Amino acid sequence: MAEYLITFNDEWVPEQTEDGLGEKATAARSVIQEMADAGVFLFSNGGIDASTAICSVEAKDGEPVFTDGPYAETKEHLGGFCVVEVPDDETARYWAGRLAVVLDWPQEIHRFPHRYVDLNPSER
């Protein structure tokens, strides 16, 4: 099994009304529930955009330096994500496709190259 990140950028989302966003959230939650029922859902989050940024941090002389900005020059901001653990690329594509259809905006898929180091395996 491999872990995949399914994500969308906030800039890919067309203008939405509050009601429209509520409908999209309900539709996305139903797909997330399908993922959970299928045993592939790990975690997700949404509603992230440029307004949710707290600060930026970079290393200077071996120490972290936190600032309110400037942020890295980018035209895209993460809008939301979902992490799934599935057997192959095709299954990851299936779930990303389900989200793309119910949300009606593009999704991007990344395969994590290897599993993370679980520092607390006894807690699982």
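If you're wondering where the values come from, they're calculated on a predicted model, not measured in any experiment. (Residues numbered from 1 in each chain as written. Predicted model: local features only at pLDDT ≥ 70, side-chain atom pairs only at ≥ 80, totals over all residues. Heavy atoms only, no water.)

(A) Highlighting helix α2 (residues 89-103). With 15 residues, α2 extends 21 Å between its outermost C-alpha atoms, agreeing within 8% with the 21 Å of an ideal straight helix rising 1.5 Å per residue. Of the residues making up α2, those classed as buried are Ala-92, Trp-95, Ala-96, Leu-99 and Leu-103. Buried positions in α2, seen along its axis, are confined to an arc of 95 degrees and lie on one side of it. In α2, the exposed residues that point more than 90 degrees away from the buried face are Glu-90, Arg-93 and Val-101. Those residues of α2 that are buried are in contact with β1 (2-9), α1 (18-38), β5 (78-86) and β6 (108-111). (Helix = DSSP H or I, 4+ residues; strand = E, 2+ residues; numbered from the N terminus. Expected span 1.5 Å × (residues − 1). Buried < 20%, exposed > 50% of the residue type's maximum accessible area, 1.4 Å probe, protein only. Arc of directions from axis to C-beta. Contact = heavy atoms within 4.5 Å.)

(B) Spatial organisation of the side chain of Lys-24. Along the polypeptide, Lys-24 turns up in helix α1. One buried charge, Lys-24, has no salt-bridge partner; the nearest side chain with opposite charge is Asp-104, at 4.7 Å. In this structure, Lys-24 is in contact with Gln-16, Val-102, Leu-103, Asp-104 and Trp-105, ignoring residues within four places of it in sequence. (Lys, Arg positive; Asp, Glu negative; His and termini not counted. Salt bridge = Lys/Arg side-chain N within 4 Å of Asp/Glu carboxyl O.)

(C) Looking closely at the sheet that holds strand β2 (residues 41-46). One open sheet holds the 4 strands; their spatial order is β2-β5-β1-β6, and the pairing between them is antiparallel. Two strands in the sheet have a free side with no partner beyond their single neighbour: β2 and β6. Neighbour-to-neighbour, the strand axes of the sheet open up by a mean angle of 15 degrees, direction not taken into account. Bridging between β1 and β5 involves 8 bridges; their strand directions are antiparallel. (Pairing = 2+ DSSP bridges. Axes fitted to C-alpha atoms, helices over the stretch in contact; angles between N-to-C directions.)

(D) Region of the structure containing the nonpolar core. Ile-6, Met-35, Val-84, Val-86, Trp-95 and Leu-99 are the most contacted members of the largest nonpolar core, which totals 19 residues. The dominant element in this core, judged by the number of residues it contributes, is α2, at 5 residues. Non-local contacts of Val-86, meaning those with residues more than four positions away in its chain, are made with Met-1, Ala-2, Tyr-4, Val-40, Thr-91, Ala-92 and Trp-95. (Core = buried A, V, L, I, M, F, W, Y, C linked by side-chain atoms within 4.5 Å.)

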